[in-house]
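Each chain, written out:
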Amino acid sequence: MRATHSKKVGTGSNKRPEKLNVHIRNSWKTNLQLIRSIGNMIGYKKSLSEWQCLSEVKMGRGSPIPPMLRRKIVEQYQKGVSQRKIAKSLKLSSSTVHNIIQRFRESGTISVRKGQGRKTILDARDLRALRRHCITYRNATVMEITTWAQEYFQKTLSVNTIHRVLRRCQLKLYRSKKKPYLKMIQKRRRFLWAKAHLKWTVAKWKTVLWSDESKFEVLFGKLGHHVIRTKEDKDNPSCYQHSVQKPASLMVWGCMIACGIGSSHNWKGTINAERYIQVLEQHMLPSRRRLFQERPCFFQHDNARPHTVSITTSWLRRRRIRVLKWPACSPDLSPIENIRTLYIIKRKMRQRRPKTVEQLEACIRQEWDNIPIPKLEQLVSSVPRRL
């Protein structure tokens, strides 16, 4: 039977390192103030015990030697100790000690030399040229930018490299905001209209009857453009976003003022001038009498084709209805747009998800009647700020 031998910790071959550690520990205690000042200078905040362990811990590949240990190497070299003995006493490789001493001979310093890593493919001048090109052609794809950069700089560049370079230029790909297209004459008329109505007070904007029509569709399948899945689940039916080419829909017309909601009207299909006049007679005029009680007011509608044809304008003149002139393609100036299309009604429809046209019509009527009055006052009061 083989006998087992046990070694006592700290005896035998460990005596010599123990003496060396005691010597290093005593020397570091005497230079405690110097250690802390150097540590604060380089931003290295460690306790004394951690600094003492630096000479005993094996450095990782590529890790810089602490300045205190470099100073110790230089001090021993100046005392005439050989490089091999210095490396053995401090548990460092001979090449590391040789490089530090050679650095001290050449420059007279013990600081770490700046890393000589791989240089970037594009320098600062190339980055400025790339940034100018990206700002000039904002709708270009990354592949198009990569092709242009390869031809312009005469260098081999990949799409991933262009992605990294764009981040260095503080540029990023975003989804563009959608805005109505305006010609120069439309922009000019819109500016003049806003300038002419800047003097209107909030009280005067409260005398406007706002109207609009919008299209609501029956929602099918799952909502959202994103799905949580693995790479292999791309053909899983539960990860599809189903779409319908021509879903069932309703056209909804409604009106409002700052202190109340007018009536709404739903119908299937499109609208023409004759149907629009019927809507005005059956819903706009009663809402106007109920909300304003024969007080003078303005009627607002956009410049859709059924609103501006001669039959509609002559009907409005016969009824002596003052129409607020409206600039073309300016849905952002109308407060009722926030109610009908963006924030309230359609968001509620996505949450309730009606399955049929009848359910859609009932949901629209219910949500239209439940719009809070403070929300209407807030929207109408925001018109001067919009202008």
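Residues numbered from 1 in each chain as written. Predicted model: local features only at pLDDT ≥ 70, side-chain atom pairs only at ≥ 80, totals over all residues. Heavy atoms only, no water.

- For the protein chain, the name recorded in an unreviewed UniProt entry is Paired domain-containing protein, with Cyprinus carpio as its organism.

## Re helix α7 (residues 124–136)
Inference 1: In this model, α7 (13 residues) spans 19 Å end to end at C-alpha, consistent with the 18 Å of a helix rising 1.5 Å per residue.
Inference 2: For α7, the full list of buried residues reads D126, L127, A129, L130, H133 and C134. On an axial view of α7, the arc spanned by its buried residues comes to 165°, and they lie on one face. Seen from the buried face of α7, the exposed residues on the opposite side, beyond 90 degrees, are R125, R132 and T136.
Inference 3: Residues of α7 that are buried make contact with α8 (142–153) and α9 (159–168). (Helix = DSSP H or I, 4+ residues; strand = E, 2+ residues; numbered from the N terminus. Expected span 1.5 Å × (residues − 1). Buried < 20%, exposed > 50% of the residue type's maximum accessible area, 1.4 Å probe, protein only. Arc of directions from axis to C-beta. Contact = heavy atoms within 4.5 Å.)

## Points about the pairing of strand β3 (residues 260–267)
Inference 1: By the criterion of burial, β3 is predominantly enclosed, with seven of the eight residues buried.
Inference 2: Pairing of strand β2 (residues 249–257) with β3, which is carried by six bridges, proceeds in the antiparallel orientation. Among the inter-strand pairings, M256 is bridged to a residue of β3, identified as I261.
Inference 3: Count of turn residues in the β2/β3 antiparallel hairpin: two residues. (Pairing = 2+ DSSP bridges.)

## Notes on the sheet that holds strand β1 (residues 208–217)
Inference 1: In space, the four strands of this open sheet follow the order β3-β2-β1-β4, with mixed pairing throughout. In this open sheet, the two edge strands, each paired with only one partner strand, are β3 and β4 (298–300). This sheet shows a mean twist of 20° between the axes of neighbouring strands, independent of strand direction.
Inference 2: The strands touched by helix α18 (residues 373–381) are β1, β2 and β3; relative to β2, the strand with the most contacts, the crossing angle is about 80°. (Axes fitted to C-alpha atoms, helices over the stretch in contact; angles between N-to-C directions.)

## As for unusual backbone geometry
Inference 1: Although it is not a glycine, E294 sits at a positive phi angle of roughly 70°.
Inference 2: Relative to the elements of secondary structure, E294 occurs in the loop between α12 (273–292) and β4.
Inference 3: Of note in this structure, R353 is not a glycine but carries a positive phi near 55°.
Inference 4: Mapping R353 onto the fold places it in the loop between α16 (345–352) and α17 (357–369).
Inference 5: Residue classification places R353 among the partly exposed positions, given a relative accessible area of 23%.

## So, the nonpolar core
Inference 1: Counting 32 residues, the largest nonpolar core has W205, W210, M256, L324, I339 and I371 as its most contacted members.
Inference 2: The element contributing the most residues to this core is α17, with five residues.
Inference 3: In contact with I339, other than residues within four places in its own chain, are M256, I344, I345, W368, I371, L376 and L379. (Core = buried A, V, L, I, M, F, W, Y, C linked by side-chain atoms within 4.5 Å.)

## A look at the packing of α8 against α9
Inference 1: Here α8 crosses α9 at 95°, and the two axes come no closer than 9 Å. Looking at the two axes, α8 sits roughly perpendicular to α9. Counted together, V142, M143, I145, T146 and A149 of α8 and V159, I162 and H163 of α9 form the full contact between these two elements.
Inference 2: A breakdown of the residues in the contact of α8 with α9 according to their chemical character gives six nonpolar, two polar and no charged. (Parallel < 35°, antiparallel > 145°, perpendicular 65-115°, else oblique. Nonpolar A, V, L, I, M, F, W, Y, C, P; charged D, E, K, R; others polar.)

## Observations regarding the packing of aromatic side chains
Inference 1: This structure, assessed with the given rule, holds nine aromatic pairs.
Inference 2: Taken together, a centroid distance of 4.8 Å and an interplanar angle of 15° make the contact between W148 and Y152 stacked. Linking W148 with Y152, this pair stays in helix α8, spanning four residues, or about one helical turn.
Inference 3: Judged by its relative accessible area of 22%, W148 falls in the partly exposed class.
Inference 4: Over the ring of F298 we find R322; its NZ or CZ atom is 4.3 Å from the centre of that ring. (Phe/Tyr/Trp six-rings, centres within 6.5 Å; stacked < 30°, edge-to-face > 60°. Lys NZ or Arg CZ within 6 Å of the ring centre and 35° of its normal.)

## Comments concerning the confidence of the model for the protein chain
Inference 1: Here the protein chain averages 81 in pLDDT, and 80% of its residues register 70 or above.
Inference 2: Counting contacts from residues 1–25, a segment whose pLDDT is below 50, to residues more than four positions away or on other chains yields six contacts.
Inference 3: Predicted confidence for residues 41–58 stays below pLDDT 50, and this span has 20 contacts to residues more than four positions away or in other chains. (pLDDT = per-residue confidence, 0-100.)

## Quick notes on the environment of L376
Inference 1: By secondary structure assignment, the location of L376 is in helix α18.
Inference 2: A relative accessible area of 0% places L376 in the buried class.
Inference 3: In sequence terms L376 and I336 are 40 residues apart; their C-alpha atoms lie 8.5 Å from each other.
Inference 4: Beyond its immediate stretch of four places on either side in the chain, L376 contacts M256, I257, A258, G260, I261, I339 and I371.

## A closer look at helix α6 (residues 94–107)
Inference 1: If you check α6, its first and last C-alpha atoms are 20 Å apart, about what 14 residues at 1.5 Å a residue would give, namely 20 Å.
Inference 2: Looking one or two places after α6, you find G108, whose phi comes out positive at around 75°.

## Structural notes on the packing of α16 against α17
Inference 1: Contact pair α16 / α17: the axes reach a minimum separation of 10 Å and the direction vectors enclose 130°. It follows that α16 is oblique to α17 by the angle criterion. Considering how the two elements wind past one another, α16 and α17 form a crossing that is right-handed. Across the interface between the two elements, I345, K348, M349 and R352 from α16 touch L360, C363, I364, Q366, E367 and W368 from α17.
Inference 2: Here the residues of the contact of α16 with α17 sort into six nonpolar, one polar and three charged. (Left-handed = near helix turned anticlockwise from the far one by under 90°.)

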